[in-house]
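Listed here are the chains, written in short residue letters.
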Amino acid sequence: MSRSRKPSVFQVGKVRDDGRTVVISGWGLGLCASGCACHRHPVAGHLAIAEDQAGGKLGLATYGEDECDCCEAWTADELAAILRDLDTVAGLQAQEPLAG
């Protein structure tokens with residue numbers, strides 16, 4: 001398994017794949033771990049999502065003159081894996097009752 005730097009995820013959305021088209025919707029992305037300024041709009045300071053529909057990727061827009069290499073976009077497969085993991089965790093039952 002390799003590690004890569006990705007934008008943070010603060011809202012989980014959906015990934016729909018009908019075999020011909022992949023639609024990624026409803027995801028909220030925040031800054032990557034390095035938190036560099038290249039992802040903030042130079043005037044407004046907000047973040048914007050960059051979606052590559054042809055490549056099935058979701059990442060952050062970059063506003064610098066040079067390409068930023070601080071992080072890479074999430075792929076549809078990676079986002080679908082997050083959804084599968086969340087479903088697995090939701091299906092687990094606690095082994096012991098919660099304290100309190």
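What comes next is a walk through the structure. (Residues numbered from 1 in each chain as written. Predicted model: local features only at pLDDT ≥ 70, side-chain atom pairs only at ≥ 80, totals over all residues. Heavy atoms only, no water.)

As a further point, take the overall build of the chain. Helix and strand counts for the chain stand at one helix and seven strands. Ordered by position from the N terminus, the helices and strands of the chain form the series β-β-β-β-β-β-β-α. Long-range contacts, defined as pairs at least 24 residues apart, comprise 44% of the intrachain contacts of the chain with a sequence gap of at least 6. (Helix = DSSP H or I, 4+ residues; strand = E, 2+ residues; numbered from the N terminus. Contact = heavy atoms within 4.5 Å.)

For the rest of this paragraph, the subject is the sheet that holds strand β7 (residues 74-75). Strand pairing in a sheet relies on backbone hydrogen bonds. The paired strands run either parallel or antiparallel. What the three strands build is an open sheet, ordered β5-β6-β7; its pairing is antiparallel. The sheet terminates laterally at β5 (49-52) and β7, the two strands that pair on one side only. Of the strand pairs in this sheet, strand β6 (residues 57-60) and β7 are connected by two bridges, and their pairing is antiparallel. The partner of K57 across the bridge, within β7, is T75. (Pairing = 2+ DSSP bridges.)

Scanning the entire structure with this criterion turns up two salt bridges. The shortest N-O distance in the salt bridge between E72 and K6 comes to 3.0 Å. Of this pair, E72 sits in the loop between β6 and β7 while K6 sits in the segment before β1 (7-11), and the two are 66 residues apart along the sequence. For E72, a relative accessible area of 41% translates into the label partly exposed. Across the pair E78 and K6 runs a salt bridge whose closest N-O atoms are separated by 2.9 Å. Taken together, the positions of E78 in helix α1 (residues 76-91) and K6 in the segment before β1 put the pair 72 residues apart, joining distant regions of the chain. (Salt bridge = Lys/Arg side-chain N within 4 Å of Asp/Glu carboxyl O. Buried < 20%, exposed > 50% of the residue type's maximum accessible area, 1.4 Å probe, protein only.)

Quick look at the pairing of β6 now. As judged from the four bridges shared by β5 and β6, these two strands associate in the antiparallel manner. Bridge pairing in β6 places D52 opposite K57. Where β5 hands over to β6, the hairpin turn is made up of four residues, of which G56 adopts a positive phi near 65 degrees.

On the surface, V9, V12 and L86 cluster together into a nonpolar patch covering about 210 Å² of accessible area. For V9, the location among the structural elements is in strand β1. (Patch = residues over 30% accessible without salt bridge, like charges linked within 9 Å, V, L, I, M, F, W, Y side chains within 5 Å. Areas by Shrake-Rupley, 256 points an atom, 1.4 Å probe, with all protein chains shown as cover.)

Counted under the stated rule, the structure contains zero aromatic pairs. Sitting above the plane of the W74 ring, K6 keeps its charged end 5.6 Å from the centroid. (Phe/Tyr/Trp six-rings, centres within 6.5 Å; stacked < 30°, edge-to-face > 60°. Lys NZ or Arg CZ within 6 Å of the ring centre and 35° of its normal.)

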